[in-house]
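Overview (structure and organization)
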There are 2 protein chains.
Amino acid sequence: MDIQHYMNDVGQRARAASRAMARADTAVKNQALSLIAAAIRRDAALLKDANRRDLEAARAAGLAPAMLDRLTLSDQAIATMAEGLEQIVALPDPIGEISNMKFRPTGIQVGQMRVPLGVIGIIYEARPNVTVDAAGLCIKSGNATILRGGSEAIHCNQALAKLVKEGMAGAGLPADGVQIVETTDRAAVGALITMPQHVDVIVPRGGKGLIERLMRESTVPMIKHLDGICHVYIDDQADIEKALPVAFNAKCHRYGTCNTMETLLVAREVAPEVLLRLAELYKTKEVELRADETAHALLAGYPFLSHATEEDWHTEYLGPILAVKVVDNLDQAIDHINTYSSKHTDAIVTENYSRALRFLREVDSASVMVNASTRFADGFEYGLGAEIGISNDKLHARGPVGLEGLTSLKYVVFGHGEIRQ
Amino acid sequence: MDIQHYMNDVGQRARAASRAMARADTAVKNQALSLIAAAIRRDAALLKDANRRDLEAARAAGLAPAMLDRLTLSDQAIATMAEGLEQIVALPDPIGEISNMKFRPTGIQVGQMRVPLGVIGIIYEARPNVTVDAAGLCIKSGNATILRGGSEAIHCNQALAKLVKEGMAGAGLPADGVQIVETTDRAAVGALITMPQHVDVIVPRGGKGLIERLMRESTVPMIKHLDGICHVYIDDQADIEKALPVAFNAKCHRYGTCNTMETLLVAREVAPEVLLRLAELYKTKEVELRADETAHALLAGYPFLSHATEEDWHTEYLGPILAVKVVDNLDQAIDHINTYSSKHTDAIVTENYSRALRFLREVDSASVMVNASTRFADGFEYGLGAEIGISNDKLHARGPVGLEGLTSLKYVVFGHGEIRQ
């Protein structure tokens, strides 16, 4: 098979289908989502069979246990996929929403209408649930979708694709509204990210290696984030009883997520008390602390202690390791964050009103928080209903990206025969 | 001078200044704009001197009359620049605006804050007024700006730069908040569009040649449009008394603008009457009509008539030429537009409610209109107060781009010590 030719055909079909997707009624889109959910529940056994074949191949290929874990489709995961689709049914349809229609002195009335982006390419690694989650969000937002999952999950993805197609057909949506790339050849990814004429945006879901490669090669805009180097700053006017659980939760609730704290900043005045009390908490989880000079002195005797180097301020550990730095004041904290943060999520703990407002305004990150754990930076927690990814970029969507991030606003003008003078 | 080194320095200064620009108070930004306006009025004679030197050099270099015209800074143009700044003063400050703060079941309150993009690079051709218009919009939206004007306007741009710097300093804004590239070396443009670490977005203001070159080479996102291939569709249920002035105005109000109609579509049933009556109007302006078979037969005898070729549906004439096609119905019109339109601005003339709604929803362009001239697609006409450009892209800003298009939304979380369960 000529991959370039195959992918070009997939792209053309997606572009053609995107017109029908864009004008589909809310009821039709919801019906498709409900039918897919029902088919997933009905065919749970078949899906697990397909998943078993993927897992056997993956084990034979010597895949790492963490990858095997992400590849596994449990009964619970199957139920969650179906429920996820039903949650998307319950979300309001963003498409066609008209806002801010205002009369102008010329007599025309001008406002904006929310419309789909067009064709979304999703590139993801092992997790098979992304197939259904991403398809669901794209269907509801009226986009055509091209899904390219990891080759490890190919059997499972093909089984899911059949169910998605069944649901689309049952509701009368075009078969090419959701396409799953049928080849495991990596050249398919290269083709997908260099067809701006057929694909409007790429959403990569995967590790840093994948995203860095896509960034170098893609000529299609991406909704993506690379790193989650998140900070918590404990101000000298913090309520320590809030600061300790927030700093503990931000690091230890889950280590491998992008909204996990990687660097803790503590104001000099409260550092002795805060660090000693936090050390007791972190010790229970054997968290390694990489401390600057001042913090190192204050933490003397902590069993998992080392000296921070410049490299540590740049590092997303994704594990039980935390960089710790003592700063003089809010200005130093903001400077440090705006220098080293990956612009994902940063939080201050303080009771000082003016400092809270300054932190919110001056820290240049997708999510800025006062007195809350960075772990809340998440589409579900923010009430978006679902999340297709998180964006650290400033253009278009920023932070957790839900249905709205898959849409665009166009101007609409209601006239009455007006001409320009 | 090592251009790469110089531009890197400019970029670093802009990035550093962007923090102070982002936190500047509304009053301070407005003061800077007012001071620049006053300085422009005060130094009108100096500006005209500088402009005279540019014009002499341009004439000596044999610049085309149209370019000389755009380069000329009249008393009126100087007054308009100053007034433009005062209009920007009167606009609400978008920065820091917090919206949709909603409590979540966990206790956190989540919403969004409008923030500057950071550093904006503006690349423009001869018109010296862009220096002031663009600087004004970027100042108000809290961005740092790097302006790179055409080498033909270098004296005038330098004179304006002095006044901008004077106003910035007078209000206490950082001197590097607006920088004007001091070299006419074209390598400076190449450097500016390949510094994503220092520049967040590029706004090119110029002809198609400039923009195509930038698109090929830029690694920084752009807010740009290439073509304005705009359509008017006259439906068979149109009010002909509205259709005629709209179709005449859309073509003949100004030929060289991107929101000018380039292709007219007419429903078969009304084509005989509509085309004959429109021909009378277009004849007064000697508009050449390039007609498809059916329209050509109906227009027999029109003095400036020729046959349209496939190429015509793709062409932005920017002159007194119009492609004309007879279509069977709304579906054919929408198909033609979605195939050939540059996704800038397209209009329908109809009294039929359902067709109007379908056209608005299904035509995939930045501006879609009912019963109004395409010439209204403009930041001032839409009430944005000012316009930095028009975007045909779907991501981020779409259509006329005002202050809001130079901003981004970040998530803000008001917590009370919440941790994630």
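Criteria and cut-off values
Residues numbered from 1 in each chain as written. Chains lettered and ligands numbered in written order. Predicted model: local features only at pLDDT ≥ 70, side-chain atom pairs only at ≥ 80, totals over all residues. Heavy atoms only, no water. UniProt positions renumbered as here; feature names shortened; annotations may be inferred. Helix = DSSP H or I, 4+ residues; strand = E, 2+ residues; numbered from the N terminus. Rg over C-alpha atoms; globule rule 2.2 N^0.38 Å. Buried < 20%, exposed > 50% of the residue type's maximum accessible area, 1.4 Å probe, protein only. Contact = heavy atoms within 4.5 Å. Salt bridge = Lys/Arg side-chain N within 4 Å of Asp/Glu carboxyl O. Least-squares fit on C-alpha atoms with pLDDT ≥ 70 in both.

Within an unreviewed UniProt entry, the label attached to chain A reads Gamma-glutamyl phosphate reductase, and the organism entered is Noviherbaspirillum suwonense. In UniProt, chain A has this text filed under Function (unreviewed entry): "Catalyzes the NADPH-dependent reduction of L-glutamate 5-phosphate into L-glutamate 5-semialdehyde and phosphate. The product spontaneously undergoes cyclization to form 1-pyrroline-5-carboxylate." As recorded by UniProt, the Catalytic activity (unreviewed entry) comment attached to chain A reads in full: "L-glutamate 5-semialdehyde + phosphate + NADP(+) = L-glutamyl 5-phosphate + NADPH + H(+)".

1. Overview of the overall build of chain A
The number of helices and strands found in chain A is 15 helices and 16 strands. Taking 2.2 N^0.38 as the reference for a compact globule, 421 residues should give roughly 22 Å; the C-alpha atoms of chain A span a radius of gyration of 24 Å, in line with that estimate. Dimensions of chain A, computed from C-alpha atoms along their principal axes, come out at roughly 70 × 65 × 35 Å. Residues counted as buried form 58% of the 421 residues belonging to chain A. The contacts in chain A between residues at least 6 apart in sequence include a share of 72% that link residues at least 24 apart.

2. Points about the pattern of salt bridges
If you walk through the whole model with that rule in mind, you get 60 salt bridges over all chains. The closest approach of N and O atoms between Lys251 of chain B and Glu262 of chain B, which form a salt bridge, is 3.1 Å. Remark: Glu262 of chain B occurs in strand β8 (residues 261-267) and Lys251 of chain B occurs in helix α10 (residues 240-252); sequence separation between them is eleven residues. Assigned by exposure class, Lys251 of chain B and Glu262 of chain B land together as buried. Connected through shared salt-bridge partners, Arg23 of chain A together with Asp331, Arg358 and Glu362 of chain B make up one network.

3. Description of the relation of the copies chain A and chain B
Overlaying chain A on chain B yields an RMSD of 0.0 Å, the required transformation being a rotation through 180° with an accompanying axial translation of 0.0 Å. Interpreted geometrically, this transformation is the action of a two-fold axis. Scanning chain A for the C-alpha nearest the rotation axis identifies His396 of chain A, at a separation of 1.9 Å. By residue overlap, the copies meet face to face through one surface: 100% of the interface positions of chain A are interface positions in chain B.

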